Amino acid sequence: MADKEFTFSDVSEHATKKDLFVVIHDKVYNTSSFVDEHPGGEEVMLDVGGQDATEAFEDVGHSDEAREILEGLLVGTLKRQQREYWWIATDMEQEGDPPKPRAYAAGGSTASSADSSSSVALYAIILIGGALAFGAYKYLQSQQESQ
Ligand code: HEM
């Protein structure tokens, strides 16, 4: 069952104490059985229920033991939507997708790096188009002069 794929909107449907999913590093965990035993209290777990808890989890500096418990709660992986452009493939935010913190968004194509690459591509197109138009204008001018 741990290879099941969930979208963010699937995960957000599990946000109650008895049915509590969280996303940590793009993996989906069912924490319902653990929420009562959590040494940090149930409140903090409920706060991140149905959401991406990566930052909250990492900020605390949880032990290896905590990470082992986490692995036992794994139910699947997060499925992010990808949209392909002809010049770039980029991760798209999904409905109900909280903004991805930079710390763990790095390494792939983050929204901001995708944005800057696509604007570079746009500038290149404008420049090449301008150069071609200028070349054509100059060519026509020289044709007229030689007549
Ligand atoms: C399913 C996810 C989580 C698991 C398995 C987990 C597990 C644990 C464990 C085993 C501890 C004891 C200390 C340690 O071993 O590091 C702990 C402590 C703690 N956890 Fe979590 N935790 C989870 C999520 C969270 C989240 C989302 C928060 C949000 C802020 C959080 C906040 C804390 C805090 C503040 C402590 C310290 C409690 C203290 O020392 O008094 N935990 N957690």
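Residues numbered from 1 in each chain as written. Predicted model: local features only at pLDDT ≥ 70, side-chain atom pairs only at ≥ 80, totals over all residues.

Looking at an unreviewed UniProt entry, one finds the protein chain named Cytochrome b5, with Pleomassaria siparia CBS 279.74 as its source organism. Heading Sequence similarities (unreviewed entry) of the UniProt record for the protein chain holds this comment: "Belongs to the cytochrome b5 family." (UniProt positions renumbered as here; feature names shortened; annotations may be inferred.)

A word on the pairing of strand β4 (residues 27-30). As judged from the 4 bridges shared by strand β3 (residues 19-24) and β4, these two strands associate in the antiparallel manner. Residue pairing in the sheet places valine 22 in a bridge with tyrosine 29 of β4. The pairing of β4 with strand β5 (residues 74-78) spans 3 bridges and is antiparallel. Across the sheet, residue lysine 27 finds its bridge partner in β5, namely threonine 77. (Pairing = 2+ DSSP bridges. Helix = DSSP H or I, 4+ residues; strand = E, 2+ residues; numbered from the N terminus.)

The subject of this paragraph is the sheet that holds strand β2 (residues 15-16). Strands belonging to one sheet form pairs held by backbone hydrogen bonds; the direction of such a pair is parallel or antiparallel. The strand order across the open sheet built from 5 strands is β1-β5-β4-β3-β2, with neighbouring strands paired in mixed fashion. Two strands bound the open sheet, and with one partner strand each, they are β1 (4-6) and β2. Relative to β3, β2 is paired through 2 bridges, and the arrangement is antiparallel. Bridge pairing links threonine 16 to aspartate 19 in β3.

Bringing unusual backbone geometry into the picture now. Of note in the backbone geometry, histidine 25 takes a positive phi value of approximately 50° without being a glycine. In this structure histidine 25 comes out as partly exposed when scored by C-beta crowding, with 13 C-beta atoms within 10 Å. One non-glycine residue, aspartate 26, lies in the positive phi region at around 60°. By the element assignment, aspartate 26 lies in the loop between β3 and β4. For aspartate 26, a count of 13 C-beta atoms within 10 Å corresponds to the partly exposed category. (Buried ≥ 20, exposed ≤ 12 C-beta atoms within 10 Å, placed from the backbone.)

So, about the site of the ligand. Contacts to the ligand come from 21 residues, most closely from Gly40, Val44, Ala56, Ser63 and Ala66. Broken down by secondary-structure element, the contributors of at least two residues to the shell around the ligand are α2 (42-47), α3 (54-60) and α4 (64-72). Here the shell around the ligand takes 4 residues from α4, the largest share from any one element. Within the shell around the ligand, the residues separate by chemical class into 15 nonpolar, 5 polar and 1 charged. (Near = placed C-beta within 6 Å. Nonpolar A, V, L, I, M, F, W, Y, C, P; charged D, E, K, R; others polar.)

Bringing the UniProt feature "transmembrane region" (unreviewed entry) in the protein chain into the picture now. Feature annotation in UniProt assigns "transmembrane region" (unreviewed entry) to the following positions: residues 120-140. Between the end C-alpha atoms of residues 120-140 the distance is 30 Å, and the span holds 100% helix and 0% strand.

The next thing to look at is the pairing of β5. As a general feature of sheets, a regular strand has side chains that alternate between the two faces. Where β1 meets β5, 3 bridges bridge the pair, whose relative direction is parallel. Looking at the pairing, glutamate 5 lines up with threonine 77 of β5.

Caution is warranted with low-pLDDT regions, since their predicted coordinates should not be read in detail. For the protein chain, the mean per-residue pLDDT works out to 84, and 75% of the residues sit at or above 70. Contacts from residues 105-111, a stretch scored under 50 in pLDDT, to residues over four places away or in other chains number 8 contacts. Across the whole predicted complex the pTM is 0.65, and at the interface the ipTM reaches 0.92. (pLDDT = per-residue confidence, 0-100. Contact = placed C-beta atoms within 7 Å.)

As a further point, take the nonpolar core. Judged by nonpolar contacts, the single largest core of 13 residues is most densely connected at Phe21, Val22, Val23, Ile24 and Ala53. Among the elements that take part in this core, β3 stands out by supplying 5 residues, more than any other. If we ignore the near neighbours within four places in the chain, the residues touching valine 23 are Val11, Val28, Gln51, Asp52, Ala53, Thr54 and Leu78. (Core = buried A, V, L, I, M, F, W, Y, C linked by C-beta atoms within 7 Å.)

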